[in-house]
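Residue-level structure breakdown
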Amino acid sequence: MANVVTIDDHRYLVDVGYGADGPTSPVPLESNLVVDGLPNQTLKLEHKRLSQHKDADSRVWIYSVKRDSGEWTEIYHFLDVEMFGPDFDVLNHWNMVRSSFAQTVVVQRFIADENSPDRKLIGSMLLLREQLKLRTKEKEEVIQTLKTESERIAVLHKHFDIVLDQEQQNAIAGRDNELR
Amino acid sequence: MSIFLLQRLNSRFWTSMSAYCAEQVENYFQHVGLTRSSGLKPSFDLLCALLRHQLARVPFECLALHYSTTRLISLDAQDLFKKVVEQSRGGYCLENNAFFKYILQSIGFRVTSVVCRISNASRGIYDGGWRAM
């Protein structure tokens, strides 16, 4: 799911739910117009037909990201059709029972430059299973490799402001994703 | 899963144009570190500021599928507000984008929601394929 926001007849992709490669600026729905994302990163949307489309008139908006002078990577595409609550309820149900999120502990947030007056975003903190990583334009480094649930709970609090109560902490016990 | 629980989870407030009252919007502004919200009108600059502050303060997370006895996720507007603002949590893409849509609409922005497919390329598999999430 993503959102399209219209301001003065201009439409923009606005997505706060993708994670580390998500758009940190609104991206205009203008095919091949390039905008800045994080430092040394550019973003664009393209209005294109996919190789999978049997209908020659089908088009989607493809969101792509480029870092430094590297290649463009297609991250996701969306259909330019307004969807309603019941459509997302179906996806939500599938996510709860089938998706990779149901199998993997993932937490991510962007990091703002505290010294910039408009709090420019400059990187990400990412917890993937037992690894805590910091990603900036210069590097991606593993800050910590967690060995126990206590360590992971502490990291959730320290780096993501997430405080889990005892019942929540205990709920992972015995599951494959438990750190032990 | 009981039918009553399923009904509770289904988003009954999707059609509401202003899911959150002024006090809730103000609480959200404080939560993400923005100055007061009253009197603000939709604009591109405000949208950019909201986006930056939201992304830095509200994490992407799927902990509700791991550190939870129910492992159920609600897209209801008030449930999302409690989770994000009052409980200082985040959510996965549907939760965070649904929540942000309610915030934007409550300020007066014109927002529609779209469905996405994720590229296999984003996971390093360059086969031209796409998946639901």
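One can find the structure itself at the top, above this paragraph.
Residues numbered from 1 in each chain as written. Chains lettered and ligands numbered in written order. Predicted model: local features only at pLDDT ≥ 70, side-chain atom pairs only at ≥ 80, totals over all residues. Heavy atoms only, no water.

End to end, helix α2 (residues 149-160) of chain A covers 16 Å across 12 residues, agreeing with the expected 16 Å (1.5 Å per residue, within 8%). Here the buried face of α2 of chain A lies against β8 (106-112), β9 (121-128), β10 (131-136), β11 (140-145) and α3 (166-170) of chain A together with α3 (44-57) of chain B. One or two positions beyond α2 of chain A, positive phi appears at Asp161 of chain A, with a value near 60 degrees. (Helix = DSSP H or I, 4+ residues; strand = E, 2+ residues; numbered from the N terminus. Expected span 1.5 Å × (residues − 1). Contact = heavy atoms within 4.5 Å.)

Let's shift gears to the pairing of strand β7 (residues 73-78) of chain A. Summarising the sheet, strand β6 (residues 60-67) of chain A and β7 of chain A pair through 5 bridges and their orientation is antiparallel. Looking across to β7 of chain A, one finds that Trp61 of chain A is bridged to Phe78 of chain A. Linking two consecutive strands that pair antiparallel, namely β6 of chain A and β7 of chain A, is a turn of 5 residues; a positive phi of about 50 degrees is found at Asp68 of chain A within it. Looking at chain direction, β7 of chain A and strand β3 (residues 116-119) of chain B are connected through 3 bridges and run antiparallel. Within β3 of chain B, the position partnered with Tyr76 of chain A by the bridge is Ile118 of chain B. (Pairing = 2+ DSSP bridges.)

Time to look at the layout of surface pockets. The computed volume of the largest pocket comes to approximately 800 Å³. For the largest pocket, the lining is made up of 33 residues, of which Tyr18, Phe101 and Val106 of chain A together with Arg123 and Arg131 of chain B are closest to its centre. Considering every element that reaches the lining of the largest pocket, the biggest residue donor is β3 of chain B, with 3 residues. Its residues placed into classes, the lining of the largest pocket shows 18 nonpolar, 6 polar and 9 charged. (1 Å grid on protein atoms, 1.4 Å probe; cavity = no way out; pocket = protein on both sides within 12 Å on 5 of 7 lines; lining within 4 Å. Points joined across faces, edges and corners; volume = space filled by probe spheres on them. Nonpolar A, V, L, I, M, F, W, Y, C, P; charged D, E, K, R; others polar.)

What follows covers the nonpolar core. Core analysis: the biggest nonpolar cluster contains 57 residues, and Tyr20, Tyr28, Leu50, Phe99 and Phe109 of chain B have the highest contact counts within it. Per-element accounting of this core gives the leading share, 9 residues, to helix α5 (residues 93-107) of chain B. (Core = buried A, V, L, I, M, F, W, Y, C linked by side-chain atoms within 4.5 Å. Buried < 20%, exposed > 50% of the residue type's maximum accessible area, 1.4 Å probe, protein only.)

One pass over the full model with this rule turns up 10 aromatic pairs over all chains. Where Tyr12 of chain A meets Phe44 of chain B, the ring centres are 5.0 Å apart and the plane angle is 40 degrees; that geometry is what we call tilted. Here Tyr12 of chain A, found in strand β2 (residues 10-14), pairs with Phe44 of chain B, found in helix α3, and the two come from separate chains. When its relative accessible area of 12% is taken as the criterion, Tyr12 of chain A is described as buried. Between Tyr20 of chain B and Phe81 of chain B, the ring centres sit 5.1 Å apart and the planes meet at 55 degrees, which makes this aromatic pair tilted. One end of the pair, Tyr20 of chain B, is in the loop between α1 (3-9) and α2 (22-32); the other, Phe81 of chain B, is in helix α4 (residues 77-86), and 61 residues separate them in sequence. Accessibility classification places Tyr20 of chain B together with Phe81 of chain B in one group, the buried group. Here the aromatic residues Tyr20, Tyr28, Phe29, Phe81, Phe99 and Tyr102 of chain B are joined through ring pairs into a cluster of three or more. Here the basic side chain of Lys44 of chain A rests over the ring of Trp72 of chain A, its NZ or CZ set 4.5 Å away from the ring centre. (Phe/Tyr/Trp six-rings, centres within 6.5 Å; stacked < 30°, edge-to-face > 60°. Lys NZ or Arg CZ within 6 Å of the ring centre and 35° of its normal.)

Okay, the packing of α3 of chain B against α5 of chain B next. Residues and elements named next belong to chain B. Running from amino to carboxyl end, α3 crosses α5 at an angle of 145 degrees, the nearest separation of the two axes being 12 Å. α3 and α5 meet at a crossing whose hand is right-handed. Together, Leu46, Leu47, Leu50, Leu51 and Gln54 of α3 and Asn96, Phe99, Phe100, Leu104 and Ile107 of α5 make up the contact between the two elements. Across the contact of α3 with α5, the residue classes tally to 8 nonpolar, 2 polar and no charged. (Axes fitted to C-alpha atoms, helices over the stretch in contact; angles between N-to-C directions. Left-handed = near helix turned anticlockwise from the far one by under 90°.)

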